[in-house]
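Now for the letters of each chain:
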Amino acid sequence: MFVHGVSPNFLRVGEAKAAAAAEGQRVWGKGAYFLGKVLWAKGYTELLQRLQEHSSATGDNVPVDVFGTGPDLPEVQHAACSSSLNLKFNGPRDHADSTLQVGAVQT
């Protein structure tokens with residue numbers, strides 16, 4: 001069963017991460033990632049804008065792993081590339097996929 005479109009697996013992973021963080025454990029050390037269907041309406045415009053603003057202000061081109069696929073993927077990839085942003089497109093993944101757990105993301 002899904003709660004408002006959220007898989008129970010995602011909720012369990014979140015609960016486990018929150019518990020680990022409360023105990024002082026590092027729960028994610030691989031930088032930033034953006035996971036979801038690749039549609040401009042899902043926030044990709046804002047993501048690219050914020051990354052460009054950060055890069056312009058600091059000179060730091062933050063690496064972001066993008067997990068997902070969708071009809072806007074080619075346009076998002078082109079926009080990221082033409083803005084010289086450091087986005088790596090990894091294809092679709094489920095929130096609970098073991099490769100998204102600490103120390104498991106392949107680079």
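A brief look at the structure comes next. (Residues numbered from 1 in each chain as written. Predicted model: local features only at pLDDT ≥ 70, side-chain atom pairs only at ≥ 80, totals over all residues. Heavy atoms only, no water.)

Quick word on the sheet that holds strand β1 (residues 32–35)
Which entries qualify depends on this criterion: Any two strands are treated as partners once DSSP identifies two or more bridges connecting them. Numbering goes from the N terminus for both helices and strands, where a helix is a DSSP run of H or I of at least four residues and a strand is a run of E of at least two. Comment: axis = line fitted to C-alpha atoms, over the contacting stretch for helices; angle = value between 0 and 180 degrees taken between N-to-C directions.
Reading across from one edge, β1-β2-β3 is the order of the three strands in this open sheet, with parallel pairing throughout. In the strand order of this sheet, the two ends are held by β1 and β3 (87–89), each with one partner. Averaged over all neighbouring strand pairs, the angle between strand axes comes to 25°, with direction disregarded. As defined by bridge partners, β1 adjoins strand β2 (residues 64–67) across four bridges and the pair is classed as parallel. Note on β2: the bridge partner recorded for Leu35 is Phe67.

Looking at the environment of Phe34
Heads up, the rule is: Note on contacts: a residue pair is in contact if any heavy atoms of the two residues lie within 4.5 Å.
Mapped onto the secondary structure, Phe34 falls in strand β1. As a C-alpha pair, Phe34 and Val66 span 32 residues in sequence and 4.8 Å in three-dimensional space. The residues touching Phe34, leaving out its near neighbours within four places in the chain, are Lys42, Gly43, Tyr44, Leu47, Val64, Asp65, Val66 and Phe67.

Some points on the pairing of β2
Going by this rule: A simple rule labels every residue: compare its accessible area, found with a 1.4 Å probe on the protein chains alone, to the largest value its type can have, and call it buried under 20%, exposed over 50%, or partly exposed in between. Orient the strands so they point away from the viewer; a crossover is then right-handed if the path from the first strand over the helix to the second runs clockwise.
Because side chains alternate across β2, one face comprises the buried residues Val64 and Val66, and the other comprises Asp65 and Phe67, equally buried. Across three bridges, β2 lies against β3 in parallel orientation. Considered in β3, the bridge of Val66 is made with Phe89. Where the polypeptide runs from β2 across helix α3 (residues 73–82) and back to β3, its parallel neighbour, the crossover connection is right-handed.

Describing the nonpolar core
Put simply, the rule reads: Only buried Ala, Val, Leu, Ile, Met, Phe, Trp, Tyr and Cys residues count toward a nonpolar core, and they belong to the same one when joined by side-chain atoms within 4.5 Å.
Within the largest apolar cluster, 13 residues are counted, with the highest numbers of intra-cluster contacts made by Tyr44, Leu48, Leu51 and Leu87. At the level of secondary structure, the elements contributing two or more residues to this core comprise α2 (44–58), β2 and α3. Ignoring sequence-local partners within four residues, the contact set of Tyr44 consists of Phe34, Gly36, Lys37, Val38, Leu39, Val66 and Val76.

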